[in-house]
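Here is what each chain is made of, one letter per residue.
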Amino acid sequence: MELITCVDFKVGKCQGQKLVDGVTMPLVVQPPEEPKNSNDMQSLLLALEKNNDWFKQMIIKNSAVLLRGFNVRNAEDFNDVVQTFQWDHVPYMGPAMKPYPEYVMFFCEVPPPEGGETPIGPSCRVAERMMEEFPDAVKEMEEKGLKYTFMVPPQAASTFTGRSWPEFLGSPDPAEAVKKYITWLPDGSAHLTLAPRPLTKVFEGRKGRKVWFNLIHLMYNKKVASVTMMDGTEIPEKIVRRIEEIIEGESIQFRWEKGDILFLDNLAVYHGRRPSLPPRKVLVATCKVASI
C-alpha cells in the first residue's frame, strides 16, 4: 500500500486496482479514522481546499484517484467537490475535438446491480507495447499522421458521436463548420474530416513518455466513422485488432459504489464503459483545457 503525507486522507484499497510502474492505479483515498465526522460533506470540501495542490499532485502521479467513503450524495455535492479545484469547465465536443479536457471526473450516484464499470488504463503502456510489437507500422503512422472522418446528422441521433453537427462542432453556423473541413450532404448531414491527427503524444509533466493518443480502435471500419493514415493509406486490420487486445489487457476496473468520485488525468489514461443492468447513474465533469 502506498503511503501519503496528508493527515486529512488515508489510503484505501479497491478490488481490481493494479500496480503500474510502481504506482497504484487508481489510488484510493478515504476519510481518516479521526475525526469521527470525517465523512461529512463539509469536512470533505474543507479537506480538499486545504490540500488542493497535494490532491492534484496525486492525480498526476497516479493518473487516477478514487475518492471513496465520503457522503457525496448527488449532482450538487459532486459539483461542490469539482469546484474546489477551480478548474475551468470544458464542454465535451466529441471525440478528437478541441478543446480537450486535461481532467475527467466521474461520480457514481446510483451504482448498477451488475456491470457498468468504467475501465481505465495507462496510455503510455499501450504506446510502448505497440512500438515494441509493430515498430515499422507505428513509425509510418506517426510520420504520416491520422485522418478521421465522421458522418454527423443535422439532429442528435444514436451514432458514433451521438450528437448533431452543431453540437459536435460547438457552432450552429455552417460557414464556421466549413472552416473545420465539412462537406455538406443533401439531407443536411455533415461529412467531417479531422486531419492531421497524431498517433502518439508526449505531454509536459508526464515523465516524458509517449502516450497512445488516438481513436483508431473506436473508429476503424465503422458505419458512421472511419480512420486512415493522412495520405489515405488503410491501417491493417491485424494492427487494429492488436490495439484492441492491448487496451483490453492493460485495462483496470472496479465495481462502482455509491458516492465514489474517480479523478482521471485525461492526458495519461484512457477510459471506457462496460455494459450494465439498470439502474446506473454515473455523472461526468470535464475540466481544464489541455495544451495539445
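Residues numbered from 1 in each chain as written. Predicted model: local features only at pLDDT ≥ 70, side-chain atom pairs only at ≥ 80, totals over all residues. Heavy atoms only, no water.

Where an unreviewed UniProt entry is consulted, the chain appears under the name TauD/TfdA-like domain-containing protein, with the organism given as Rhododendron griersonianum.

Broken down by element type, the chain carries 9 helices and 16 strands. By sequence separation, contacts in the chain at least 24 residues apart represent 75% of the contacts at least 6 residues apart. With an accessible surface of roughly 14,400 Å², the chain has 51% of that area assigned to carbon and sulfur atoms. (Helix = DSSP H or I, 4+ residues; strand = E, 2+ residues; numbered from the N terminus. Contact = heavy atoms within 4.5 Å. Areas by Shrake-Rupley, 256 points an atom, 1.4 Å probe, with all protein chains shown as cover.)

What follows covers the sheet that holds strand β5 (residues 64–67). Read from one edge of the open sheet, 6 strands run β1-β4-β5-β14-β6-β16, paired in mixed fashion. Of all the strands in the sheet, the pair left with one neighbour each is β1 (10–12) and β16 (281–289). Taking each pair of neighbouring strands and ignoring which way they run, the sheet shows an average axis angle of 25°. For strand β6 (residues 101–110) and β16, the ladder comprises 8 bridges, and the chain directions are antiparallel. If you follow Val110 over to β16, its bridge partner there is Lys281. Helix-sheet contacts for helix α2 (residues 52–62) involve β4 (27–30), β5, β6 and β14 (261–265), and the interaxial angle to β5 is about 130°. (Pairing = 2+ DSSP bridges. Axes fitted to C-alpha atoms, helices over the stretch in contact; angles between N-to-C directions.)

What follows covers the environment of Glu102. By the element assignment, Glu102 lies in strand β6. A relative accessible area of 9% means that Glu102 is categorised as buried. Setting aside chain neighbours within four positions, we find Glu102 in contact with Arg206, Leu264, Asp265, Asn266, Leu267, Cys287, Lys288, Val289 and Ala290. A polar side-chain atom of Glu102 sits 3.1 Å from a polar atom in the side chain of Arg206. (Buried < 20%, exposed > 50% of the residue type's maximum accessible area, 1.4 Å probe, protein only. Polar contact = N/O pair within 3.5 Å; in protein donor to acceptor, adjacent residues only side chain to side chain.)

Before going further, it helps to spend a moment on the pattern of salt bridges. Taken as a whole and assessed by the stated rule, the structure comprises 21 salt bridges. With its nearest N and O atoms 3.4 Å apart, the salt bridge here joins Glu257 to Arg68. Taken as a pair, Glu257 in the loop between α9 (237–250) and β14 and Arg68 in the loop between β5 and α3 (75–83) lie far apart in primary sequence, 189 residues in all. Among the residues examined, Arg68 registers a relative accessible area of 7% and is labelled buried. With a closest N to O distance of 3.0 Å, Glu245 and Arg242 form a salt bridge. With Glu245 and Arg242 both in helix α9 and 3 residues apart, the pair spans about one turn of that helix. (Salt bridge = Lys/Arg side-chain N within 4 Å of Asp/Glu carboxyl O.)

The strand order across the open sheet formed by 4 strands is β9-β10-β8-β13, and the pairing between neighbours is antiparallel. The open sheet is flanked by β9 (182–184) and β13 (225–229), the only strands paired with a single partner. Strand-to-strand twist of the sheet, defined as the mean angle between neighbouring strand axes without regard to direction, takes the value 15°. Note: strand β8 (residues 146–152) against β13, 5 bridges, orientation antiparallel. Residue pairing across strands places Tyr148 opposite Val227, the latter belonging to β13.

This part is about the packing of aromatic side chains. Inspection of the entire model under this criterion finds 13 aromatic pairs. Measuring from centroid to centroid gives 5.6 Å for Phe55 and Phe85, while their planes differ by 55°, and the two rings are tilted. In this pair, Phe55 sits in helix α2 while Phe85 sits in the loop between α3 and β6, placing the two residues 30 residues apart along the sequence. Each of the two residues, Phe55 as well as Phe85, counts as buried. Considering the side-chain rings of Phe203 and Phe213, the 5.2 Å spacing of their centres and the 70° angle between planes classify their relative orientation as edge-to-face. With Phe203 in the loop between β11 (200–202) and β12 (210–212) and Phe213 in the loop between β12 and α8 (216–219), this residue pair connects regions lying 10 residues apart in the sequence. (Phe/Tyr/Trp six-rings, centres within 6.5 Å; stacked < 30°, edge-to-face > 60°.)

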